[in-house]
Structures are given as structure tokens and as C-alpha cells.
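As a plain string of letters, each chain reads:
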Amino acid sequence: MTARWLRLVPLALAAAVGACPATGVPCHDRDTARIALELGDSTSLDLGESSLRLVSRPDGIRLDGGRLSIRALRPGRMDLALRSFVGRRSRFVRVDVFAPRDLALTIQTVGAQPTAWTDPAGLRAVEQELARLFRGTAIHPRLLASDPVRLPASPAFWDPDGDGHLDLVRNDDSSSPAPALDSLVRWMRGRGLRFPRVVVLQAPVRVGWSLARDVSPADSLIELSHGATLPWRDGRGSPFRYVVGSPSGRHTDTFEVTGYVGDRMRFRAMSPDGRFTHRHPARTDLVLRPEREPPAFGVSATWSQGAPPIVFLPDARKLEDPRRAARVIAREVARTLGLGDLDDKTNLMSGILRMDVESPTLRPEQVARLHESLKSHP
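Residues numbered from 1 in each chain as written. Predicted model: local features only at pLDDT ≥ 70, side-chain atom pairs only at ≥ 80, totals over all residues. Heavy atoms only, no water.

Thoughts on the overall build of the chain
To keep it simple, the criterion reads: What counts as a helix is a DSSP run of H or I of at least four residues, what counts as a strand is a run of E of at least two, and both are numbered from the N terminus. Shrake-Rupley sampling with a 1.4 Å probe provides the accessible areas, and residues are treated as covered by the protein chains on show and by no other component.
When helices and strands are counted, the chain shows four helices and 22 strands. Carbon and sulfur atoms form 48% of the exposed surface of the chain, whose accessible area is close to 17700 Å².

Given below as C-alpha cells:
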């Protein structure tokens, strides 16, 4: 039995929104723009034409030629209307000003033999990176450490296969949780582990992909469910190797992806004839990366109200990569607060964790959603 993967851690708007740059700098189309600011901050917007005038002039708003200057003097929303002398065309700017909001996140380690996060310098480094990721949103995260919580001696509820791993499948349907992950989340909630706690799970985790159809030894193509694809080259251009077989390790075959044919992938097995040795039923078998530790990632149990986000870090006892840990924590906190994935590699909520993007962004509507959700967390 496998637990389903629930997906795997600024600004703008309006009629048509494209990719948006960092918070405090709006993205806009020809007629509308949206800006989010923290109380007391200022920004300016080049409107691209000097024939505009403000229909009204609220405090903190100034228009010099084609540049609109905005100072956030009080929390709330301002809708600014601008009218052009040329063609009598109107443009609009929506400004949301948010009062500062502290967000105390308690890092809770949970595992079969959990240890406290004994790296205060690493914790502070993660906190500083979190502050940078949320800069301009008026949300100021702080990290606290708590005593570790031990999982029950019998792991049957999170490891029904008895193989010592919590199995997560990246590409399964996330509309309803699988029993193993769901029971783990319910156990955590029963122990009082609720957001704004963030659980760092110190237990063996295995991450894989499910098959869309059975694969026989004679097949040359493999297809994953829900249109998922496998990364097939690393940064040096070398092919990744994968293992397909049962979660218990029976009837395994090792293979490489060599290309794509529509939604299916052409593979080369590592057997002497380049074919699979065993039949692989889609109902039971998984594709797994043969690596010691999965990369850092997170799961937000959005089906269970109040459940804490769960993060998995290869270095969960002593942080060696605080930048990546902060990115994962930020994304899962944002998901817990209602943000979904975006097809925008520059956004914090990009569907793929893009560590090559130095300063990921959030759009104004995302910032507004975060603040609205935080009203439920005094």
C-alpha cells in the first residue's frame, strides 16, 4: 500500500496576469495593475504614458508624469482610477496594504527514534532565509524548536508493507489521501501537532511514481499515471537510473529513460538484452529512484483541517542546506494557507522546486490569500 503524493517552499494582477516580479513591484497589463505592500513601505510604478491623471488623490499617492508613487500609510485596499487625456482611456491600480504579521512556526521532529534539532545556527540560517522569501508580504516568520515526538513502536499505520519506509507516490490522484499517510496525519493531530507547527519527519521515506498501465518484458515504452514524466538527465547530462518493482523489492528491474513518445517514455533496461526481466502490474508496482535519501520535499495534508505541513530533509538532524530547507518549509506553509502550484518558475509556488531561481516571487493575489488564511490562526 502506498501513500499518495499531494503535489511531490512578490506580485500582481488583474484582467490578464502574466509572470510577476518581486513583491512591491507590480505586474500589469495595459489597463490594470495590482500591488501589495507592507504598512510603511513605498513603491513606484512607471505607467508608460505621461497623459494620465488621478481621478482622486488619496494620502500617500503621487503622480509625476507617468510615474505613480505609492506610500502605504494605512492598512486596507485602495482602488486608484487614472484617466488618460488621450482617447479618454482609463487605467486602474489596486493597492493592498497589510499590517505586519508575525508567524511563529514551531519545528517539531517526529520519528521512530527522533532527535531534537541540535543545530541552533542552522535553525537561525533557515529563519533568515524564510524572512527573505517572505520579504514584502508583511509576514514575518520566526522558528521555534520543540521536543521530539516518538512514533509508536509498531509502524503498521504508516508502513503497512512492513518494509520500514513511508511510501509516497508523486503522481497519484491527490483528491483523497491514501490510508497510510492519512492515518499518520490523524495520529499527529491526535498528539496536538497542528499548524503552525511544522513536522520534520525523521523516518525512512521512499518516493516513487505509479504506472499508468501494465508493462510486459516485451514492451519498449513505459507510461506513468496522470501524465507524469521522469527526469532523465542530471546536470552533467548523465542519464538517471530507475528501479521498477513491488514496494517490497520483489521482481525489480533497473532501467534508463532514453526518450519520449507522446506521454510514454522509451526505456533501456540494464539487463543484457535491454528488456525487462519481469512483468510489472500497474496496480502494485512503482518506479523508484535507487538513491539512499530522497531530496528535500514536503507534503501538506490539505484534506485534514489544521494538520501541520510535513517536511522531509535528508539532513534532518543537522542542517547542511538551510537554503533548500527554508524553500521547502516556505512552500508547504504557503500550501497549508491555501496557495496552489503555479506554472511559473519564478514563483515560490512553482510546481517544481527551482533552486536555480535566487529570489522566487509571490503575486499580490497570493499575498492577499495568505493574510486572509492567517486570520484563522491567532
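Here the narrative resumes.
Some details on the pattern of salt bridges
Filter applied, for reference: Criterion for a salt bridge: a side-chain nitrogen of Lys or Arg within 4 Å of a carboxyl oxygen of Asp or Glu.
Inspection of the entire model under this criterion finds 19 salt bridges. Among the ionic contacts, a cluster of salt bridges with common partners joins Glu 129, Arg 132, Arg 323 and Glu 358.

Looking at helix H3 (residues 322–336)
The cut-off we apply is this: For a helix, the expected span equals 1.5 Å multiplied by the residue count minus one. Relative accessible area decides the class of each residue, using a 1.4 Å probe on protein chains only: under 20% of the type maximum gives buried, over 50% gives exposed, and in between gives partly exposed. Contacts are residue-level and defined by heavy atoms, with any inter-residue pair within 4.5 Å sufficient.
Compared with the 21 Å implied by 1.5 Å per residue over 15 residues, the 21 Å span of H3 between its first and last C-alpha is a close match. When we look at burial in H3, the residues that qualify are Ala 325, Ala 326, Arg 327, Val 328, Ile 329, Ala 330, Arg 331, Glu 332, Val 333, Ala 334 and Arg 335. Of the surrounding elements, those touching the buried residues of H3 are strand E10 (101–111), helix H1 (120–133), strand E14 (197–202), strand E21 (297–299), strand E22 (310–312) and helix H4 (364–374). One or two steps after H3, the chain reaches Gly 338, where phi turns positive at roughly 105°.

Observations concerning the sheet that holds strand E4 (residues 42–46)
Formally: For two strands to count as paired, DSSP must find a minimum of two bridges between them. Each axis is a line fitted through C-alpha atoms, and for a helix only the stretch in contact is used; angles between axes span 0 to 180 degrees, taken between their N-to-C directions.
An order of E4-E7-E6 is seen for the three strands of this open sheet, with the pairing classed as antiparallel. Of all strands in the sheet, those bounded by a partner on one side alone are E4 and strand E6 (61–64). Strand-to-strand twist of the sheet, defined as the mean angle between neighbouring strand axes without regard to direction, takes the value 15°. Here E4 pairs with strand E7 (residues 67–71) via five bridges, running antiparallel. Residue Asp 46 lies in a different strand from E7, and its bridge partner there is Arg 67.

A closer look at the nonpolar core
Rule in force here: Think of a nonpolar core as a cluster: buried Ala, Val, Leu, Ile, Met, Phe, Trp, Tyr and Cys residues, connected wherever their side-chain atoms sit within 4.5 Å.
The biggest cluster of nonpolar side chains holds 36 residues, and the ones touching the most others in it are Leu 105, Ile 107, Leu 130, Val 333 and Leu 370. Of all the secondary structure elements, the ones that give two or more residues to this core are E10, H1, strand E11 (139–145), E14, H3 and H4. The element contributing the most residues to this core is H3, with seven residues. Not counting the four nearest positions on each side in its chain, Leu 130 is found in contact with Leu 105, Pro 141, Leu 143, Ala 326, Ile 329 and Ala 330. In terms of nonpolar packing, the next biggest core, distinct from the first, is built from 23 residues, Val 149, Leu 151, Ile 310 and Phe 312 among them.

Section: the layout of surface pockets
Using the following cut-off: Only protein atoms enter the 1 Å grid used here. Points where a 1.4 Å probe fits but cannot escape make up a cavity, open sets with protein on both sides within 12 Å along at least five of seven lines make up a pocket, and a residue lines them when an atom lies within 4 Å of a point. Grid points are joined across faces, edges and corners, and a volume is the space filled by probe spheres set on the points. Classes in brief: Ala, Val, Leu, Ile, Met, Phe, Trp, Tyr, Cys and Pro nonpolar; Asp, Glu, Lys and Arg charged; the others, Gly included, polar.
Of the pockets and cavities examined, the second largest pocket occupies roughly 260 Å³. Lining the second largest pocket are 18 residues; nearest its centre among them are Gln 305, Gly 306, Thr 336, Leu 337 and His 377. When the residues that make up the lining of the second largest pocket are grouped by side-chain class, the tally is six nonpolar, 10 polar and two charged.

Some remarks on the pairing of E10
Among the 11 residues that make up E10, eight are buried, leaving the element largely enclosed by the rest of the structure. Pairing analysis gives seven bridges linking E10 to E11, with the strands arranged parallel. Directly across from Ile 107, in E11, lies its bridge partner Ala 145. As paired strands, E10 and E14 are joined by six bridges and run parallel to one another. Counted as the bridge partner of Thr 109 is Val 200 from E14.

Brief notes about the packing of H1 against H3
Put simply, the rule is: Orientation labels follow simple angle bins: below 35 degrees gives roughly parallel, above 145 gives roughly antiparallel, 65 to 115 gives roughly perpendicular, and whatever is left gives oblique. Throughout, a crossing is termed right-handed when the near helix is turned clockwise from the far one, and left-handed when it is turned anticlockwise from it by less than a right angle.
Contact geometry for H1 and H3: axes closest at 8 Å, N-to-C directions at 55°. As far as their axial angle goes, H3 and H1 are oblique. As H1 packs across H3, the resulting crossing turns out to be right-handed. Residues Gly 122, Ala 125, Val 126, Glu 129, Leu 130, Arg 132 and Leu 133 of H1 pack against Pro 322, Arg 323, Ala 325, Ala 326, Arg 327, Ile 329 and Ala 330 of H3.

Details of unusual backbone geometry
The omega torsion across Phe 195 and Pro 196 is 20°, close enough to zero to call that bond cis. For Pro 196, the position within the fold is in the loop between helix H2 (179–190) and E14. Of note in this structure, Ala 138 is not a glycine but carries a positive phi near 70°. Structurally, Ala 138 is set in the loop between H1 and E11. Unlike most non-glycine residues, His 251 shows phi in positive territory, near 55°. Note on placement: His 251 falls in the loop between strand E17 (241–245) and strand E18 (253–261).

Quick notes on the confidence of the model for the chain
The condition that has to hold: One number per residue, pLDDT, summarises how confident the predictor is, and it ranges from 0 to 100.
Taken over all residues, the pLDDT of the chain has a mean of 80, while the share at 70 or more is 83%. Note that residues 1–30 has pLDDT below 50 and, in this model, 139 contacts with residues that lie over four places away or in other chains.

Quick word on the side chain of Glu 38
Test applied: As used throughout, the charge tally considers Lys and Arg to be positive and Asp and Glu to be negative, leaving His and the chain termini uncounted. Counted as a polar contact is a pair of N or O atoms within 3.5 Å, where, for protein atoms, one must be capable of donating a hydrogen and the other of accepting one, and residues adjacent in sequence contribute only when both atoms are in side chains.
As for its placement among the helices and strands, Glu 38 is situated in strand E3 (residues 32–38). For Glu 38, which is buried and forms no salt bridge, the nearest opposite charge comes from Arg 135, at a distance of 8.8 Å. Engagement of the side chain of Glu 38 in a polar contact is seen with the side chain of His 140, the distance being 2.9 Å. In this structure, Glu 38 is in contact with Ala 72, Val 97, Phe 98, Pro 100, Gly 136, Ala 138 and His 140, ignoring residues within four places of it in sequence.

Concerning the environment of Pro 120
With respect to the helices and strands, the residue Pro 120 is situated in helix H1. Judged by relative accessible area, Pro 120 falls into the exposed class, the value being 56%. Considering only alpha carbons, one finds Pro 120 and Ala 145, 25 residues apart in sequence, at a separation of 9.0 Å.

Some thoughts on empty space enclosed by the protein
Considered as a void within the structure, the largest cavity measures approximately 50 Å³ in volume. Lining the largest cavity, in full, are Arg 327, Arg 331, Lys 345, Asn 347, Leu 348, Ser 350, Ile 352, Leu 353, Arg 354 and Pro 360. Here the residues of the lining of the largest cavity sort into four nonpolar, two polar and four charged.

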